[in-house]
Amino acid sequence: GDAIVKLATAGNVNVMTSEAHPHPQTLTYSHIVPGMWYTVSATNAAAVCQRWFRDLFCEAEKIQAEKLGIKSFELMDRLAEASPAGANGIFFHPYLQGERCPYWDSSLRGSFIGLGMGSSRGDMLRALLEGVAFSLRDCRRLIDELELPMKRIFLIGGGARSALWSGIVCDVFNLPVAVPSPGDASFGAALLAGTGIGLFPDSRDAVKRCLRIDRELRPDPERAAQYAELFRTYREIHDALAPVYRKRGTASRAR
């Protein structure tokens, strides 16, 4: 019932189980803990979308952040926080590199839908954070098809450092979220190394002794209900645009 959602360059939803549950649209790995397995549903682009937007549209924030000695993503989050849940009607689909789960469609492309004259960069940034969360929620549909329980989420990766993004993921999944510290792959590698040299008797003991939770979040019922409705629209937009992208991809290959 423990799930790990990775909000890194790419993103994925991982569920720990005591037996393997292979599926043609997911990835199945044996766990480092003997007898355990995890099922993985993955999206191609997660936090990389934020970096892509920063490099294209946020030069002023990059300059200001350097002067203040902070990360430009902090200033971008402040802009996004000024936009309400739902980003004033804007949707972002993070298919900048095609998509893996649940579509396995290399022809898909990223999109902002719903822009108007009153739209702001803050709205677009909020939509980007929500769109990546929706993409991860889309990945969860395969987990649900396998009827694997998800009771709580451990949120890891660079995107988990954002309090705003963490809260959005919590509300979109409508599950409790724990953010470990540190939440990087290098920390897990260090624990494995410690186990290998005998510092810990096994990996379970390493985690029990060293895992620290930076913060815990609970979903807001009102926002969770709002995001459930927005997620349906998110999927409708995908379903409408996917044939267009497929047609364009076929035409490009023909040339």
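Computed from a prediction, not measured in an experiment: that's the story for all the values here.

Chemist: Teacher, can you tell me more about the overall build of the protein chain here?
Modeler: In terms of helices and strands, the protein chain carries eight helices and nine strands. Its C-alpha atoms give the protein chain principal-axis dimensions of about 60 × 50 × 40 Å. Burial statistics for the protein chain: of 255 residues in total, 46% are counted as buried. A separation threshold of at least 6 residues defines the contact pool for the protein chain, and within that pool the share at least 24 residues apart is 71%. Working note: accessible area of the protein chain is about 13000 Å², and carbon and sulfur atoms make up 54% of it. Treating the 31 positive side-chain charges of the protein chain as one cloud and the 28 negative ones as another, the clouds have centres 4 Å apart.

Chemist: Would you mind showing me how to read a nonpolar patch on the surface here?
Modeler: Together, Trp52, Leu56 and Phe57 make up an exposed nonpolar region whose accessible area comes to about 290 Å². Position of Phe57 relative to the elements: it lies in helix H1 (residues 47-57). With a relative accessible area of 41%, Phe57 lands in the partly exposed category.

Chemist: Teacher, can you tell me more about the pattern of salt bridges here?
Modeler: Opposite charge on two side chains lets them pair, provided their charged atoms get close. Across all of its chains, the model carries 16 salt bridges by this definition. Its salt-bridge partner being Arg161, residue Asp184 comes within 3.6 Å of it at the nearest N-O pair. Placement of the pair is Asp184 in the loop between strand S8 (177-180) and helix H6 (185-196) and Arg161 in the loop between strand S7 (152-156) and helix H5 (163-173), with a sequence separation of 23 residues. Residue class for Asp184 comes out partly exposed when judged on its relative accessible area of 35%. Overall, Arg161 belongs to the exposed group, its relative accessible area being 58%. Salt bridges sharing common partners tie together Arg54, Asp55, Glu59 and Lys62.

Chemist: I keep staring at the environment of Phe53 and nothing clicks. Help me out?
Modeler: For Phe53, the position within the fold is in helix H1. Ignoring anything within four residues of it in the chain, the contact list for Phe53 reads Cys58, Met76, Phe112, Met124, Leu125 and Leu128.

Chemist: For this particular structure, what's the right way to read the sheet that holds S7?
Modeler: Backbone-to-backbone hydrogen bonds pair the strands of a sheet. The strands run either parallel or antiparallel. Read from one edge to the other, the open sheet built from seven strands follows the order S3-S4-S2-S1-S7-S8-S9, with strand pairing classed as mixed. In the strand order of this sheet, the two ends are held by strand S3 (27-30) and strand S9 (213-217), each with one partner. Between one strand axis and the next, the sheet turns through 25° on average, direction left out of account. When S3 meets strand S4 (residues 37-43), the two strands line up antiparallel, connected through four bridges. Following the sheet pairing, Tyr29 is matched in S4 by Tyr38. Packed onto the sheet, H5 meets strand S1 (2-7), strand S2 (11-17), S7, S8 and S9 and runs at close to 45° relative to S9.

Chemist: Would you take a moment to explain H5 for this structure?
Modeler: With nine of eleven residues buried, H5 lies mostly within the body of the structure. Of the positions making up H5, those classed as buried are Leu164, Trp165, Ser166, Ile168, Val169, Cys170, Asp171, Val172 and Phe173. At the exit of H5 stands Asn174, carrying a positive phi of roughly 55°.

Chemist: Looking at this model, I keep getting lost on the packing of helix H4 (residues 121-145) against H5. Mind explaining?
Modeler: A packed helix pair is summarised by two numbers, namely the angle formed by the two axes and the spacing between the axes. H5 packs onto H4 with a crossing angle of 40° between their chain directions and a minimal axis gap of 9 Å. Between H4 and H5, the angle falls in the class oblique. Here H4 runs over H5; the crossing is right-handed. The segment H4 lies against H5, with Arg126, Leu129, Glu130, Val132, Ala133, Phe134, Leu136, Arg137 and Arg140 engaging Leu164, Trp165, Ile168, Val169, Val172 and Phe173. Residue composition of the contact of H4 with H5, by class: eleven nonpolar, no polar and four charged.

Chemist: Would you take a moment to explain unusual backbone geometry for this structure?
Modeler: A negative phi holds for most residues other than glycine; trans holds for most peptide bonds. Looking along the chain, the bond that leaves Cys101 and enters Pro102 is cis, with omega of -5°. Its location among the elements puts Pro102 in the loop between strand S5 (91-93) and strand S6 (111-113). The peptide bond linking Ser181 to Pro182 adopts the cis configuration, its omega dihedral lying at -5°. Considering the arrangement of structural elements, one finds Pro182 in the loop between S8 and H6. You will see that Asn88, though not glycine, has its phi angle at about 55°, which is positive. Tracing the backbone shows Asn88 in the loop between helix H3 (72-81) and S5. Despite not being glycine, Asn174 has its phi angle at roughly 55°, a positive value. Here Asn174 is to be found in the loop between H5 and S8.

Calculation criteria
- Residues numbered from 1 in each chain as written.
- Predicted model: local features only at pLDDT ≥ 70, side-chain atom pairs only at ≥ 80, totals over all residues.
- Heavy atoms only, no water.
- Helix = DSSP H or I, 4+ residues; strand = E, 2+ residues; numbered from the N terminus.
- Buried < 20%, exposed > 50% of the residue type's maximum accessible area, 1.4 Å probe, protein only.
- Contact = heavy atoms within 4.5 Å.
- Areas by Shrake-Rupley, 256 points an atom, 1.4 Å probe, with all protein chains shown as cover.
- Lys, Arg positive; Asp, Glu negative; His and termini not counted.
- Charge placed at Lys NZ, Arg CZ, Asp CG, Glu CD.
- Patch = residues over 30% accessible without salt bridge, like charges linked within 9 Å, V, L, I, M, F, W, Y side chains within 5 Å.
- Salt bridge = Lys/Arg side-chain N within 4 Å of Asp/Glu carboxyl O.
- Pairing = 2+ DSSP bridges.
- Axes fitted to C-alpha atoms, helices over the stretch in contact; angles between N-to-C directions.
- Parallel < 35°, antiparallel > 145°, perpendicular 65-115°, else oblique.
- Left-handed = near helix turned anticlockwise from the far one by under 90°.
- Nonpolar A, V, L, I, M, F, W, Y, C, P; charged D, E, K, R; others polar.

So yeah, pure geometry; function would need other evidence.
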